[in-house]
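Breakdown of the fold
What follows is the residue order along each chain.
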Amino acid sequence: MRWASRRMLPTVVGVSLATTIAADFAIVLAGPLKPVTQLAAGRYVAAADSTSYRVAGLQKTITPHLLIASPQSLPADAIEKVRQAKGVKAVEVVDAARALVGGKRVGVLGVEPSTFRAYTPEASAKSDALWNNIAGGDVAISFTMGQDGGIPLASQTQIGGQSHQTSVRVGAYATMGIDQVDAVVSHYTAQTIGMPSGNALLVSAPHANLVKLRKQLAELLPKGTKMATLESRFDGPTVPGGGAGAPGRVLTATQVSTVIRAAESKIGMPYVWGGESDREGGYDCSGLVQYAFAQAGIKMPRTADIQAFTGWRLPYNQAQPGDLLTWKNDPTFNGVSHIAIYLGNNKMVVARHTGTLIQIQDVYLNNFWGAIRVNPQLAATK
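So, a few notes on the structure that sits alongside this text. (Residues numbered from 1 in each chain as written. Predicted model: local features only at pLDDT ≥ 70, side-chain atom pairs only at ≥ 80, totals over all residues. Heavy atoms only, no water.)

Some thoughts on the sheet that holds strand β20 (residues 368–374)
- An order of β15-β20-β16-β17-β18-β19 is seen for the six strands of this open sheet, with the pairing classed as antiparallel. Because the sheet does not close on itself, it has two edges, and the strands there are β15 (311–314) and β19 (359–362). Mean inter-strand twist for the sheet, computed between neighbouring axes without regard to direction, equals 35 degrees.
- Relative to β20, strand β16 (residues 324–327) is paired through four bridges, and the arrangement is antiparallel. Each bridged residue has a counterpart across the sheet, and for L324 the counterpart in β20 is I372.
- Along the sheet, helix α8 (residues 253–264) makes contact with β17 (338–344), β18 (347–350) and β19, crossing β17 at roughly 115 degrees.
- Taken strand by strand, helix α9 (residues 285–294) contacts β16, β17, β18 and β20, and its axis lies near 50 degrees from that of β17. (Pairing = 2+ DSSP bridges. Helix = DSSP H or I, 4+ residues; strand = E, 2+ residues; numbered from the N terminus. Axes fitted to C-alpha atoms, helices over the stretch in contact; angles between N-to-C directions. Contact = heavy atoms within 4.5 Å.)

Have a look at this one:
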């Protein structure tokens, strides 16, 4: 979910994106927006008086297929040409940038809550409380950023660039369905922290050839504009050999040994949400997996939910050393949110969450989704 770039705003959202649109989501909310009172212990609670925000009700949900982002605001005439392009059914204008949220550099969208909600997974789209909170000035962050990254629900957090940040309340943990986007605020809040205005588009084109459409739109948009296809995410293959285009190759014994040694070499380093190298001071769960497999010459995708689709899904009793172990712990997302490397004998090496060190621990099966026997060829395509 992270970009290689470390530049300040208005660095725009990267182009290696994926989306997950699933049916059974939950929204974890801090409650309706109210002015907050700080307690001596540093916690925040709702004050007695409140101001209500009411966004427009949801009319229908819309599946986004492309994300378009530019370093600068997109011209109105270019946006209109995109709307009129053959195959395009709907376009939503948003603000997109990398920003610091709680000290972590992540993808942030600034949106008009009444219209953007239609482009999110159904349960997120239907939650009036979620969008009322965002309209009122809250930030909604991903569950993994909140729980694993150590940003409590209903707390105040800083958001912005290094030179200018604004304190906002964490109003919800909620999936927006777009990988690499871990925070959503209102358009007004986005402008207060210096994000570019109207520099990105979500495009719905349900019956279009997206490869051809991207080429067509590239001719209509300013130079430097980038596009990413948003892929729907479903359960992957469940038996060896399953899945189109997935030949039956697995790791060699040497590769398994290399992966395990590489992962174990990081034992004792801190968990760092978004971390994927020593220079960041630590690793998160999927960052550790990506690093360890890279030492064996295996290219892995960056995030746990996509790493879970790099091979064959097996029950735990069939797991072998070098397999990935996966869990669905995120109540706002019907995908894998945690991952570890199996060592055998009911042991795994794992980066758990903020405040812990990379360690070897016993395997637990609460919310367990499956063991993944990695196919290097398939992994390289993700």
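Observations regarding the environment of D284
- Turning to its location among the elements, D284 is positioned in the loop between β14 (282–283) and α9.
- Here the alpha-carbon distance between D284 and T303, two residues 19 residues apart in the chain, equals 9.7 Å.

Focus on the packing of α8 against α9
- Packing of α8 against α9 brings their axes to within 7 Å, and their N-to-C directions diverge by 130 degrees. Our classification of the angle between α8 and α9 gives oblique. Crossing of α8 over α9 shows right-handed handedness. In this structure, α8 contributes V259, A262 and A263 to the contact, and α9 contributes L288, Y291, A292 and F293. (Parallel < 35°, antiparallel > 145°, perpendicular 65-115°, else oblique. Left-handed = near helix turned anticlockwise from the far one by under 90°.)

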